[in-house]
Amino acid sequence: MIVSTIRTGGGKIGRTKSQSTPGSRRHRYKAQIILPGFSCGLRLFLPALLSVMLMTASLKADVARIAVAANFANVIKELEHRFENATDYRVSIVTGSTGKLYAQIVNGAPYEVFLSADAWRPRLLEQGAFAIPGTRFTYAIGQLVIWSLQPLPDGKDLAALLTNATVRRIAVPNPELAPFGFAALEVINHLDIADDIAAKLVFAENVGQSFAFVATGNADLGFVAKANILFLPDAQRGHFREVPTDLHLAIRQDAVTLKSAADNEAALAFVEFLRSQEARAVIARYGYQLADND
Amino acid sequence: MDTNWLTMTDLSSVVVTLKLAASATVVLMVISIPLAWWLAVTHSRIKPFVEALTALPLVLPPTVFGFYLLILFNPQFPIGAFWLRMSGDTLAFSFSGILVATVLHSLPFVVQPLQNSFENVGKGEIEAAAVLGAHPLDIFASVTAPLAKRGFLTAAVLGFAHSVGEFGVILMVGGNIPERTRVISIDIYTSVETLDYARAHLLSLGTLIFAFVTLLTLYLINFGRSGRNRAF
């Protein structure tokens, strides 16, 4: 259709020219006046659009689209940078809550790799034939922290910190969508303070929004990932306390390669890179534990 | 905390939404009637600036509003601090906060029909009243307002309906708190993300029917009459 539109535009020029002496400067000038500006623009624009589309199509196989849980958003940027420097492949990153990305994948979202913040949803994808069997592995084990812009009181008593009367709002990632939020709820239940602080809890879409609620001063405390904080410059780092891992089930973050990646070299190369010592060193530097499942 | 709060019988988001839309409509009418009246009669040079400011929500992404409101609501800053002193609660994540957000974001939907209907009231009637010695407020109450009553209806209905449909700003400043800031649109969004399609269908269909019936009623009323006061 695009090609035929271009031809129609060209045809108009041809006809105008043929009525006059071909090649004459005067008549070429006239032809340009007769042509509406719209189709002049189109003549230049459509071939350009077409070539961009063709380029995009040829690049497609070299690009891997990766869906990444929000807690890993900063780390994946550094991994992306290193991966693209080391190879000719490109990755395109989509971040969101684990639950949102899962729902998108189940509904046919065009991702090749899914970096979840839990082990449960990648397993479901494998069972549901959305993922390539046997490609699931734990790329990181998340560290939950409680973050504040104000200094935190001394002592290790988390229950006292959360129930403190000066704490008005506590940001928690939505436990139904974000594994860090689910872990936070486990902690609250484990400390047996759910009833005391229920009125203080505000639910964020994902760890990133929980972070933003604290960073903009609207929540006094927030449950976030340690990586969120380690990426901040020292001056903005505020104060945080690591949540002891015996208060919740380990946040095992699994990656899984999706069916659409079978013939995508970039995606397969990225997964290999994610398992490499170089990538593992980056992941460890941002506060994650590593699993030795390889 | 019960993580199983999203059950089919939990209609708290509907209650929050209706309360929000009703409150927003009242606040919007109180703000918009004098504003629209001023815009309709003024020859001031700042009129285009005020009109542009009022129309901003029509073109700005809700994320721009949401981001700036999060900054303004911060208790460390003057507005947030003032509100905290007055009410003892933060603006973000509170019903008052989403009310402020909704009012700001629905403003043009109320101001513009009112302004149109005020402008459509004939100059002749107003001048006659003025010549007879009526005070401007008296002219408004006994000439303009009765002639522009369809504008009032349109403005109130659109303000209410648009408030029911508010989503993006509330997503950013609301905090998704059941019975306080979780409105229908947020409830649907969360239901879809958690793959609870039954709940998403129930709430979406209800909202769709509500929106259609509301607009149909408005258009039927306008269809039933003709004349110069048509607001849209």
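Residues numbered from 1 in each chain as written. Chains lettered and ligands numbered in written order. Predicted model: local features only at pLDDT ≥ 70, side-chain atom pairs only at ≥ 80, totals over all residues. Heavy atoms only, no water.

**Brief notes about the sheet that holds strand S9 (residues 239-242) of chain A**
Residue and element names in this part refer to chain A.
Okay, so step 1: Spatial strand order, S7-S6-S8-S5-S9: five strands in an open sheet with mixed pairing. With one partner strand each, in any of the chains shown, strand S7 (201-204) and S9 form the two edges of the open sheet. Strand-to-strand twist in this sheet, taken as the mean axis angle between neighbours without regard to direction, amounts to 30 degrees.
Okay, so step 2: The pairing of strand S6 (residues 170-173) with strand S8 (residues 221-225) spans two bridges and is classified as parallel. Looking at the pairing, Ile170 lines up with Leu221 of S8.
Okay, so step 3: Strand contacts of helix H10 (residues 207-215): strand S5 (144-148), S6, S7 and S8, with the helix running at about 140 degrees to S8, the strand carrying the most contacts. (Pairing = 2+ DSSP bridges. Helix = DSSP H or I, 4+ residues; strand = E, 2+ residues; numbered from the N terminus. Axes fitted to C-alpha atoms, helices over the stretch in contact; angles between N-to-C directions. Contact = heavy atoms within 4.5 Å.)

**Thoughts on the interface of chain B and chain A**
Okay, so step 1: Contacts between the two partners involve 29 residues from chain B, matched on the other side by 28 residues from chain A.
Okay, so step 2: In this assembly, chain B packs against chain A so that about 2,400 Å² is buried in total across both faces, 57% of it on carbon and sulfur atoms.
Okay, so step 3: The salt bridge partner of Glu193 of chain B is Lys100 of chain A, with a shortest N-O separation of 3.6 Å.
Okay, so step 4: Connecting chain B to chain A are eleven residue pairs in polar contact (both at pLDDT 80 or more).
Okay, so step 5: Contributions of two or more residues to the side of chain B that touches chain A are made by helix H3 (62-73), helix H9 (168-173) and helix H10 (184-193) of chain B.
Okay, so step 6: Ranked by the residues each element gives to the side of chain B that touches chain A, the list is headed by H10 of chain B, at four residues.
Okay, so step 7: The class makeup of the residues in the side of chain B that touches chain A is 16 nonpolar, ten polar and three charged. (Buried area = accessible area lost by both parts, 1.4 Å probe. Salt bridge = Lys/Arg side-chain N within 4 Å of Asp/Glu carboxyl O. Polar contact = N/O pair within 3.5 Å; in protein donor to acceptor, adjacent residues only side chain to side chain. Nonpolar A, V, L, I, M, F, W, Y, C, P; charged D, E, K, R; others polar.)

**Let's talk about the layout of surface pockets**
Okay, so step 1: Quantified by volume, the largest pocket comes out at close to 520 Å³.
Okay, so step 2: Ala70, Asn206, Gly208, Gln209 and Ala212 of chain A are the residues nearest the centre of the largest pocket, which is lined by 23 residues in total.
Okay, so step 3: Elements with a minimum of two residues in the lining of the largest pocket: helix H4 (73-86), strand S2 (90-96) and H10 of chain A together with H3 of chain B.
Okay, so step 4: The element contributing the most residues to the lining of the largest pocket is H10 of chain A, with six residues.
Okay, so step 5: For the lining of the largest pocket, the residue count by class is 13 nonpolar, eight polar and two charged. (1 Å grid on protein atoms, 1.4 Å probe; cavity = no way out; pocket = protein on both sides within 12 Å on 5 of 7 lines; lining within 4 Å. Points joined across faces, edges and corners; volume = space filled by probe spheres on them.)

**Quick word on the nonpolar core**
Okay, so step 1: With 81 residues, the main nonpolar core has Leu144, Ile170 and Phe223 of chain A as its most contacted residues.
Okay, so step 2: Looking at which element gives the most residues to this core, the answer is helix H5 (residues 95-120) of chain B, with ten residues.
Okay, so step 3: With residues near it in sequence (within four places) discarded, Ile170 of chain A still touches Leu162, Ile197, Lys200, Leu201, Val202, Leu221 and Phe223 of chain A.
Okay, so step 4: Core analysis: the next-biggest nonpolar cluster, separate from the first, contains 30 residues, Tyr89, Val113, Ala261 and Leu274 of chain A among them. (Core = buried A, V, L, I, M, F, W, Y, C linked by side-chain atoms within 4.5 Å. Buried < 20%, exposed > 50% of the residue type's maximum accessible area, 1.4 Å probe, protein only.)

**Some details on the confidence of the model for chain B**
Residue and element names in this part refer to chain B.
Okay, so step 1: Chain-level pLDDT for chain B is 89 on average; 93% of the residues reach the 70-or-more range.
Okay, so step 2: Throughout residues 1-6 the model reports pLDDT below 50, and contacts reaching past four residues in sequence, or to other chains, amount to 20 contacts.
Okay, so step 3: Note on residues 228-232: pLDDT is under 50 here. Beyond four places in sequence and across chains, it has 20 contacts.
Okay, so step 4: Interface confidence for the predicted complex, given as ipTM, is 0.81, next to a pTM of 0.80. (pLDDT = per-residue confidence, 0-100.)

**Observations regarding the packing of helix H1 (residues 12-41) of chain B against helix H8 (residues 149-164) of chain B**
Working note: a packed helix pair is described by the angle between its axes plus the distance between those axes.
Residue and element names in this part refer to chain B.
Okay, so step 1: The N-to-C vectors of H1 and H8 enclose an angle of 140 degrees; their axes lie 8 Å apart at closest approach. Of the possible angle classes, the one that applies to H1 and H8 is oblique. The chirality of how H1 crosses H8 is right-handed. The segment H1 lies against H8, with Thr17, Leu18, Leu20, Ala21, Ala22, Ala24, Thr25, Leu28, Met29 and Ile33 engaging Phe152, Ala155, Ala156, Gly159, Phe160, Ser163 and Val164.
Okay, so step 2: Within the contact of H1 with H8, the residues separate by chemical class into 13 nonpolar, four polar and no charged. (Parallel < 35°, antiparallel > 145°, perpendicular 65-115°, else oblique. Left-handed = near helix turned anticlockwise from the far one by under 90°.)

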